[in-house]
Amino acid sequence: MLGNFIYSNPTKLYFGDHARHHLEEALAHVGHKVLLTYGGGSIKRNGVYDDVMAALAATGKEVVELPGVMPNPTVEKLLEGAHLARTADVDFILAVGGGSTVDYAKAVSVAAWYDGDPWQRFWVNQEEPLAAERVIPLGAVLTMAGTGSEMNGGSVITDTASSMKIGKVFGERMMPRFAVLNPRYTFSVPKRQMVAGIFDIMSHIMEQYFSGDDDCTSDYLAEGLMRSVIASSRVAVNDPENYEARSNIMWSATWALNTLICQGKKEDWMVHMIGHAISAHTDATHGMTLAAVSPAYYRHVCRYGLKRFARFARVVWDIPAQGRTDEQLAHAGIDALAAWIKEIGAATSIASLGVTPAMIEDVASSVIIFDSGYHKLSHQEVVDILQASL
Ligand code: NZQ
Ligand code: ZN
């Protein structure tokens, strides 16, 4: 392990199909007035809302509801929630839903007691709240596996006015105090969303894996997680109520992006930067944007990190090295990734997500370019990758 780091993660996890009984235990340790935030209504149709309300009642909480969090939550919605959290003076935020709802809860947490423009300060300027500033602690009941938001500080917000979607990774104060992970709560997720979540998990792992060239424990962990996600995805797409597969997917999602496998790594994240720009212009589903651009992006950059891409082919996809050069192996691994994207029904083109050739320049201009992967992209290279993904 190269590099120096401190490792700590404050989120307590309650995992399994008995997890709902733990919600009461978790709530016993938080404040009295709870802001309950959730999405467009799936939790009312699948019974999760009733479970959560029962636990809130059993622990004597006063509840203020904040429904209507949309996928790709917006600045307008953030301001509405921040106003409500402040005027109601809540002690705790309970997010019940997928990554959008959990991300949103973190955003409301930092924005509620801040008098300025939260979008500008926390997302555009990437600032952290000062230790003396008030933030509202939060917890999560997760209903969809994918983002890892249940055990990290990430909060991705979209400003529709500027067509920018930006992620801020907050520190420990904004990470959920607890997360209840019941795989059965994910059974009602529509298949397309489940597949988008599966690809999001795979992408998180690849974003961390495709950087650096030292021998690093994080990469061995990443390879195990990728193999688990691939194996479980093949079961889940044919049998969505297979508990074993869905529980593996849920647990892999959390460990894919909970600050474990990034240790000692520089990380890449350019697939996410391109994906976020696509969502900012089309409101497309996050995981689908990643699937649509990954093959073209990796075919473009693999020449700069051939050894790692060859290892990806051998270890993750079981492609024999014998008789192949590193370059041939690298491309065979990316071909296997592209075939899996098709097999599970994830997006294979950005055109299918609403991007037209005429939009490509604008989308490329919204891409934030990082310099931590194997190759720093120019604007023209982003355009080329988008064109190759059409
Ligand atoms: O709103 P409701 O009615 O609840 O429906 C949701 C939503 O329409 C539905 N859903 C969730 N659980 C369900 C369900 N439907 C039926 N049964 C259930 N059990 O699924 C739809 C999508 O939900 P959403 O929360 O948007 O999905 P996801 O978990 O993929 O979150 C995506 C957001 O997270 C951000 C993305 O950019 C995007 O904004 N990300 C957050 C990250 C982080 N915090 O670290 C990292 C990721 O890379 C990602 O950028
Ligand atoms: Zn993601």
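These notes cover the structure that comes with them. Chains are numbered independently. Their residues run from 1 in the order of the written sequence. Here every chain gets a letter starting at A, and every ligand a number starting at 1, in the order they are written. Only residues with pLDDT of at least 70 get local features here, since the model is predicted, and only at 80 or more are side-chain atom pairs given and counted; chain-wide, interface and lining totals rely on the full set of residues. Side-chain numbers come from the whole structure's heavy atoms, not from hydrogens or water.

**Topic: the packing of aromatic side chains**
Inclusion rule: Only centres within 6.5 Å qualify two rings of Phe, Tyr or Trp (six-membered ring in Trp) as a pair; their planes then separate them into stacked at under 30 degrees, edge-to-face at over 60, and tilted for everything else. Charge-over-ring contacts are defined here by two conditions on Lys NZ or Arg CZ: a distance within 6 Å of the ring centre and an angle within 35 degrees of the ring normal.
If you walk through the whole model with that rule in mind, you get 20 aromatic pairs. Each residue in the set F199, Y209, F210, Y297, Y298, F309, F312, W317, W340 and Y374 is aromatic and connected to the rest through ring pairs, giving one cluster. Between the NZ or CZ atom of K44 and the centre of the ring of Y49, over which it lies, the distance is 4.7 Å. Above the face of the Y209 ring, R308 is positioned so that its terminal group lies 5.0 Å from the ring centre.

**Some words on helix α3 (residues 48-58)**
Formally: Buried, partly exposed and exposed residues are distinguished by accessible area as a fraction of the type maximum, computed with a 1.4 Å probe on protein chains only: under 20%, between the cut-offs, and over 50%, respectively. Working definition: helices are DSSP H or I runs of at least four residues, strands are E runs of at least two. Numbering for both runs from the N terminus. Note that the arc is defined by the directions from the helix axis to the C-beta atoms.
Within α3, burial applies to V48, Y49, D51, V52, A55 and L56. Seen end-on, α3 carries its buried residues on one side only, within an arc spanning 165°. In α3, those exposed residues whose orientation departs by more than 90 degrees from the buried face are D50, A57 and A58. Count one or two residues on from α3 and you reach G60, which has phi positive near 70°.

**Regarding the side chain of H300**
Here is the rule: Identification of polar contacts relies on pairs of N or O atoms within 3.5 Å, with a donor-acceptor requirement for protein atoms, meaning one able to donate a hydrogen and the other able to accept it, and with residues adjacent in sequence counted only if both atoms are side-chain atoms. In what follows, a contact means two residues having at least one pair of non-hydrogen atoms within 4.5 Å.
Within the secondary structure layout, H300 lies in helix α11 (residues 286-301). Of note is the side chain of H300, whose polar atom sits 2.9 Å from the side chain of E381. In this structure H300 touches L377, E381 and I385, once residues within four positions along its chain are discounted.

**Considerations on a nonpolar patch on the surface**
Worth spelling out the cut-off: Each patch is built from salt-bridge-free residues with over 30% relative accessible area, joining like charges within 9 Å and nonpolar side chains (Val, Leu, Ile, Met, Phe, Trp, Tyr) within 5 Å. Method for areas: the Shrake-Rupley scheme with a 1.4 Å probe, in which residue coverage is limited to the protein chains shown. The working definition used for a salt bridge is a side-chain nitrogen of Lys or Arg within 4 Å of a carboxyl oxygen of Asp or Glu.
A surface patch of nonpolar side chains, amounting to about 290 Å² of accessible area, comprises M1, F5 and Y7. Inspection of the secondary structure puts M1 in the segment before β1 (12-15). By relative accessible area, which is 43% here, M1 ends up partly exposed.

**Considerations on the pairing of strand β8 (residues 178-181)**
Under the convention used in this document: Paired strands, in this sense, are two strands between which DSSP finds at least two bridges.
Of the two faces of β8, the one holding F178 and V180 and the one holding A179 and L181 are both buried throughout. As paired elements, β1 and β8 share four bridges and run parallel to each other. Opposite F15, over in β8, you have L181 as the bridge partner. As defined by bridge partners, strand β5 (residues 138-142) adjoins β8 across three bridges and the pair is classed as parallel. From the neighbouring strand, A140 faces β8, where its bridge partner is A179.

**Observations regarding the site of ligand 1**
Quick note on the threshold: Proximity is defined per residue: if any heavy atom of the residue lies within 4 Å of a molecule or strand, that residue is considered near it.
The local shell around ligand 1 holds 31 residues, among which G40, S42, G99, S100 and D103 are the closest. Note that an oxygen atom of ligand 1 is positioned 2.7 Å from one of the backbone N or O atoms of G40. If ligand 1 stood free it would expose 960 Å²; the protein chains cover 89% of that surface. Residue assignment for the shell around ligand 1 shows that the elements contributing at least two residues are α5 (99-111), β6 (154-159), α7 (191-209) and α10 (270-282).

**Describing the environment of V363**
With respect to the element layout, V363 can be found in helix α14 (residues 360-365). In this structure, the C-alpha to C-alpha distance between V363 and E150, residues 213 residues apart in sequence, is 29 Å. Excluding anything up to four places from it in sequence, V363 contacts A277, I278, H281 and L386.

**Examining the packing of α7 against helix α13 (residues 326-344)**
Cut-off, in case you're wondering: Comment: axis = line fitted to C-alpha atoms, over the contacting stretch for helices; angle = value between 0 and 180 degrees taken between N-to-C directions. Working definition: roughly parallel below 35 degrees, roughly antiparallel above 145 degrees, roughly perpendicular at 65 to 115 degrees, and oblique for all remaining angles. Definitions for this section: a left-handed crossing has its near helix turned counterclockwise from the far helix by less than a right angle. A right-handed crossing has that turn clockwise.
Contact pair α7 / α13: the axes reach a minimum separation of 10 Å and the direction vectors enclose 160°. Put simply, α7 runs roughly antiparallel to α13. In the crossing of α7 with α13, the sense of the turn from one axis to the other is right-handed. Here V195, I198, F199, M202 and M206 of α7 lie close against α13, whose contacting residues are L337, W340, I341 and I344.

**Overview of the environment of Y7**
Checked against the element boundaries, Y7 lands in the segment before β1. At 3.4 Å, the side chain of Y7 and the side chain of T259 are in polar contact.

As far as function goes, none of this settles anything; it's purely spatial.
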